Amino acid sequence: MMEENEEVVEAQSVEPEKKPNNMMAIGAIVVVAIAVLGYALLNRTGSSEEQREATQENQTVQDNSMADSNTTPAVEGASSSATSVVTENGVTTVSMEAGSFYFKPNKITVKKGDKVKVVITSKDMMHNFNIDELKVKSALVKVGETSTVEFIADKVGSFEFYCSVGQHRKNGQVGTLMVTE
Ligand SMILES: [Cu+2]
């Protein structure tokens, strides 16, 4: 009998202590939840703003490049378009624009055995033109300047051309030369 009573007393003495603990725990959870929620909300607005900024930047870049390609023929006068691929008597002449970070055109198709003449004009900064598999490496082309590199497309396949200046290749200044039979 005595033991039972003691147990009851013990159980009762524990209970009142537990309640405030629970209340505190719930309070802490609520505080943490509010903090997490607030942080998540802040992050979401932050990232969506960043995305909006990035989109705007992209649009600005596109607008600039469009403006450039629109004004270039007027400045150069002679050619109807700044970039072109013309094949004549087994010679493919590519008038190519290089900029940050692109080649225009970025796809060229020639026949095996063709002589390829790439006339590179830099729109900004310095760029060059390389195809490792065909051992093609142009000189550095400074802004506004033009440089020509010639080679024979003597292998069938799909080859990447790229700019080796700085991080330009990583930033997407690449293209594809297709050499067909
Ligand atoms: Cu470059």
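Heads up: the structure comes first, above all this text.
The following refers to the structure shown. This one's a predicted model, so the numbers in the text were calculated from it and none came from an experiment. (Residues numbered from 1 in each chain as written. Predicted model: local features only at pLDDT ≥ 70, side-chain atom pairs only at ≥ 80, totals over all residues. Heavy atoms only, no water.)

What follows is about the side chain of Asp114. Along the chain, Asp114 turns up in the loop between strand 4 (107–111) and strand 5 (115–122). The buried charged residue Asp114 lacks any salt bridge, with Lys111 as its nearest oppositely charged partner at 7.4 Å. Discounting residues that sit within four places of it in the chain, Asp114 has contacts with Thr87, Gly90, Thr92, Phe151, Ile152 and Ala153. (Helix = DSSP H or I, 4+ residues; strand = E, 2+ residues; numbered from the N terminus. Buried < 20%, exposed > 50% of the residue type's maximum accessible area, 1.4 Å probe, protein only. Lys, Arg positive; Asp, Glu negative; His and termini not counted. Salt bridge = Lys/Arg side-chain N within 4 Å of Asp/Glu carboxyl O. Contact = heavy atoms within 4.5 Å.)

It is worth spelling out the packing of aromatic side chains at this point. Tallied over the entire structure, the rule returns three aromatic pairs. Taking 5.9 Å as the distance between ring centres and 75° as the angle between the ring planes, the aromatic pair formed by Phe103 and Phe129 counts as edge-to-face. With a gap of 26 residues between them, Phe103 in strand 3 (residues 102–104) and Phe129 in the loop between strand 5 and strand 6 (130–131) connect regions that are remote in the sequence. You'll find Phe103 and Phe129 in the same group, each marked buried. One aromatic cluster is present, built from ring pairs that chain together Phe103, Phe129 and Phe161. (Phe/Tyr/Trp six-rings, centres within 6.5 Å; stacked < 30°, edge-to-face > 60°.)

Okay, the pairing of strand 2 (residues 91–99) next. Where strand 1 (residues 84–88) lies against strand 2, five bridges are found, and the strand directions are antiparallel. In the strand pairing of strand 2, Thr87 is matched with Thr92. Connecting the antiparallel pair strand 1 and strand 2 is a turn made up of two residues, with Asn89 showing a positive phi of about 50°. With eight bridges joining them, strand 2 and strand 5 adopt parallel strand pairing. For Val91, the partnering residue across the bridge sits in strand 5 and is Lys115. (Pairing = 2+ DSSP bridges.)

Residue position: Leu140 is located in the loop between strand 7 (136–137) and strand 8 (146–152). C-alpha separation for the pair Leu140 and Asn128, spaced twelve residues apart in sequence, amounts to 5.0 Å. What Leu140 contacts, discounting residues up to four positions off in sequence, is Met126, His127, Asn128 and Val165.

Looking at the copper ion, one finds its protein donor set to be His127 (ND1), Cys163 (SG), His168 (ND1) and Gln173 (OE1), positioned 2.0 to 2.2 Å from the metal centre. What the four donor atoms of the copper ion show is an angle range of 97 to 135° at the metal, which sorts the shape as irregular. Look at where the donors of the copper ion fall in the sequence and you get H-x35-C-x4-H-x4-Q. One end of the pair, His127, is in the loop between strand 5 and strand 6; the other, Gln173, is in the loop between strand 9 (157–162) and strand 10 (174–180), with 46 residues separating them in the sequence. (Donors = N, O, S within 2.8 Å, 3.2 Å for Na, K, Ca; no water. Tetrahedral: all angles 85-135°; square planar, octahedral: opposite > 155°, others 65-115°.)

Purely spatial values, then, with no claim about function.
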